[in-house]
Every structure is written in C-alpha cells, then in structure tokens.
Amino acid sequence: MLRSLVGSEMCIRDREYIDLTSEAAVSETENVLKILEDSPEFKGKEAEQASFKQEMKGFRMLFNRFITTRTQKLDWSKIKPPSGDTIIPFDKLPKVDKEHIKKLASKLCILKLNGGLGTTMGCVGPKSVIEVTDGQNFLDLTIKQIKFLNKEYECQVPLILMNSFNTHEDTLNVVQKYKFNKVDVLTFNQSRYPRVWKETLAPVTQSPSSRLDDWYPPGHGDLYASISNSGILQKLIDQGKEYLFVSNVDNLGATVDWQILAHMEQSGAEYIMEVTDKTRSDVKGGTLIEYEGKVKLLEIAQVPASKVEEFKSIKKFKIFNTNNMWVSLSAIKRVVENNELSEMAVIRNDKSLDGKPIIQLETAAGAAIEFFKKSHGINVPRSRFLPVKSTSDLFLIQSDLYEVKNGCLIMNPKRPFPGPPVIKLGNEFRKVNDYNNRINGIPNIIELDQLTIAGDVVIGTDVTLKGTVIVVANHGSHIDIPPGSILENKVVTGNLRILDH
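These numbers come from a predicted model, not from an experiment.

### Focus on the nonpolar core
Now for step 1: Core analysis: the biggest nonpolar cluster contains 72 residues, and L108, W258, W326 and V457 have the highest contact counts within it.
Now for step 2: For this core, the element with the highest residue contribution is helix α4 (residues 138-152), accounting for six residues.
Now for step 3: Those residues in contact with L108 that sit more than four places away from it in its chain are V157, P158, K241, Y243, F245, V256, W258, L261 and W326.
Now for step 4: Counting residues in hydrophobic clusters, the runner-up holds 39 residues, among them L223, L236, V295 and V335.

### A few points about the side chain of E370
Now for step 1: By the secondary structure assignment, E370 is in the loop between β17 (356-362) and β18 (376-379).
Now for step 2: Residue E370 is classed as buried on the basis of its relative accessible area of 19%.
Now for step 3: Side-chain polar atoms of E370 contact the side chain of K296, separated by 2.9 Å.

### Structural notes on the pairing of strand β21 (residues 422-425)
Now for step 1: On β21, burial follows the alternation: I423 and L425 on one face are buried, whereas V422 and K424 on the facing-out side are not.
Now for step 2: The sheet contact formed by β21 and strand β22 (residues 448-454) spans four bridges and is parallel. If you follow V422 over to β22, its bridge partner there is Q450.
Now for step 3: Crossover connection from β21 via helix α12 (residues 432-438) to parallel β22: handedness left-handed.

The rules behind each value
Residues numbered from 1 in each chain as written. Predicted model: local features only at pLDDT ≥ 70, side-chain atom pairs only at ≥ 80, totals over all residues. Heavy atoms only, no water. Core = buried A, V, L, I, M, F, W, Y, C linked by side-chain atoms within 4.5 Å. Buried < 20%, exposed > 50% of the residue type's maximum accessible area, 1.4 Å probe, protein only. Helix = DSSP H or I, 4+ residues; strand = E, 2+ residues; numbered from the N terminus. Contact = heavy atoms within 4.5 Å. Polar contact = N/O pair within 3.5 Å; in protein donor to acceptor, adjacent residues only side chain to side chain. Pairing = 2+ DSSP bridges. Right-handed = clockwise from strand over helix to strand, strands pointing away.

Right, here's the structure in full:
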C-alpha cells in the first residue's frame, strides 16, 4: 500500500514538474519571439516585419502544440490497419477519355516540394538541379512533362515550387531558363522557424537575421499555411483551378495520372494519398492507419520504441505513403482559414548545433489527411514511387532500365522482370563526384536482380550485369571491372587491376 501511495505521489510530482517546465518554456519562448518581432532591424520594413510575424504565429502554434502533447502517446491497442474502404486499388479506378481529361486538365495545378538540398549526395544547392539523366535535372524533366500536357490537352497547367530558405534564391535563378517554355512557374517560400535548445526549449536565435543554422524549414506539412500566406492559393482559385497534385521534386515516378484525378472528382474526395506496397526497403516509411474512427498517417517517429519492429512488419502494415497527394484547393482554403490543421501531429526531430542538442519541430503534409472530407488512399503501382535519394537510386535512373518520353521515365519493355533490381553502392560512391569518377559508363542492367558494390572499385565502359552480382574490394584492395565485361551471378573480391601498357 505504502509503495502504491509513494508511486502515485511521484507520478503527481512528475506531472507537476512537466507542467511547471512547460509554463516556463512557453513564457520564455513568447518573450524571445516578441523581441524578435519588434527588432529594430525591421525599421522601415513593414512588409517584411508583417511576413515575419506571420511565420512566428505559425511557430507559436506548433511549439504550444508540442508542449501540450509531448507526454501524450498513441494507444497502440487502438491502432488498426486501414479498412477496405480506406485504401482503393488503382486497378479499380475508372478509365478516362480524352475529352474528360481536357476538362480535368483545365482545373489542375502541379506542386513540387523543392525545399531540400543535395548535400547528402555531395552536391551544392537545391537537389532539384542535380543532373539525373541525359543532361537533364529534376526540374527540366518536370517542365517537359507539363509542356507536353499543355500541348496535348490544350490547357495551361501551372507548376508551383515550394522552396525553403535554403533553396529559394538558387531556384529563382534556375527557373529563368524556363520562361520561354510556355509553362507558368510560380514559387513561394515555406516558413522559417527558429530551432530550440533541447535542455531549455528556448529559441536558439536572438535576432531575425541571425545565421542560417539557427533556423529550419518545418517540414512539408507547412505547405497548406505557406501557399495560403503567399497569396498563390487564392490566385489559383481565382483562375478556376480546383485540384493540386503534390509530390517530392525528386520522385521521378510522380507524374499526372488522369484516372486518379477522375476518381477524385467522382468521389468528391478533398484529399487522396497515393500509397504503395511495402518492400524491405520501405519498412520505415509512414503508413495509413485507422485510429479512433479516423484515417491517420503514422510516422515511425511517433511509434514507441517497443513497437518499432511491429510497425516495420509487412504483414500488419502492408502499404506506405509515397508522398504523392491530390488535394482540393478550396478545401485547403477552408482548413487554413478555420484553423482546422491546428491539431496536426508534431514530429520532433533531434539534432545538434555547435555540439549542443537542439530540437526541430516539424509536420508532414500527409498528416493533414484526417482533416479533409472523404479523404482516403489509393494503392498505386510501384512505378509511381521512383525517388532519387542516393547515388544507388541515380544508378538505376541513368541505366538502360528506363527510357525518357516527354519528361516521364518509362521502364524498358525488354526488362524480363516486373520491378527494378536492388542496387547498393558503398560509401566510396556516396558523393556524385566520386560516383562519376568510379563509373566510366553505366552498365547494362536489363537482366540484373541485385547489385552490391563496396570498397575501391572502378567500373569500365560497356559492362553487362545479370542476376546477382557482388563486387567487394576489401581494405587496401582495388578492383577494376574491365570494359566489355559480362558478369552473371558472380562474386568479385580481392585485387583486380587493369594496367596501361
């Protein structure tokens, strides 16, 4: 009995401590934000100050939501895989004729999430300008796709780019080359929020113009408020646009699909998320669930440590979010104006700055699904999820496995298997420059199942790889794959050098 009372008293004290620290954190943050908003740096810059205050209003809401919900946990026993009505198979969607497509095209806008840098692949600047195939970057291919749609269906589908403060200036310079392509390109910046110290939860920054490292873009869940604040949302609505197709700029499989849009129109759905079947490579991807009668997006960051393996199970959670989304523009306006997204799940992202732990508070665009009417998922073919996150992905895209037609990547019909092979390139290939220096020509991989390359390896020209191929140069070893080589179900190790003579 005594132990029970002591335990209860400790729980009460813990809650009181959390409440006190929460109140202190909110108070301290509010003081810092007011100082930032009234900074003398804004003297004579009323418009800039108003924009900054709008961003800080968004940060306040996100921070306060984090404070009030950080001790709340999902009840795992209430989490259920989505029901049959929640996920519709792609092959059940209606066919669409050309006249119907023309009507749909006149109402469509395309938005690419363009806030990421190419630093993980050793590149400088926006990831969207990395060359991916035939001398073309992600934006080049997107512009070609839209240019074709506009001509084929006699419409004017605009491209909207949501940039971050990391990519905005460079992107504005890059898009200048598209001004004669008969494609309207609109850009806006997503919000810029202050990072907070982990120990005190106080903002890192002390000035609105402090170094970039003091700030962060708060995830793509910021899309809805930012496109509204930019004025672009209302502009599109005034032009008679109704639907927004959203995807990551580096997903080369995310092209316009008229069957999905026709289904959206027919079903009256305000929001559709494209999901696809999980593989071993996707076990960490967010998934749709049913929770207390609602459709929700569950990200791995929200999963208790004891349930992570269950979350990664392909048996229970069979699909994952591709981050391809179709959203009603008028519905975005409603949920933003009515502040209906104020309860979106907060994702805590722990990082370090100057050797000290900090926290970034973010949201995911897919988490908004529960706030839109008649929202649901469509289980699409794997071909609609073709992201380039690493040089291993780049290897696939640049190979003879894909052909480019009107800016779209199409799998080579000579491929005897339905899906792409598994490619794993080691750290020596991680940066694009190293990748280019080590691969003198992308091998023929039409009949490849799996490729693993690790260590000091160089691939010659006109190489053909079939079946499962493993090439490993152990520490201190070097392997040259000679030009014209054909490797089928081979393991290559040790030393193999090609010398000039």
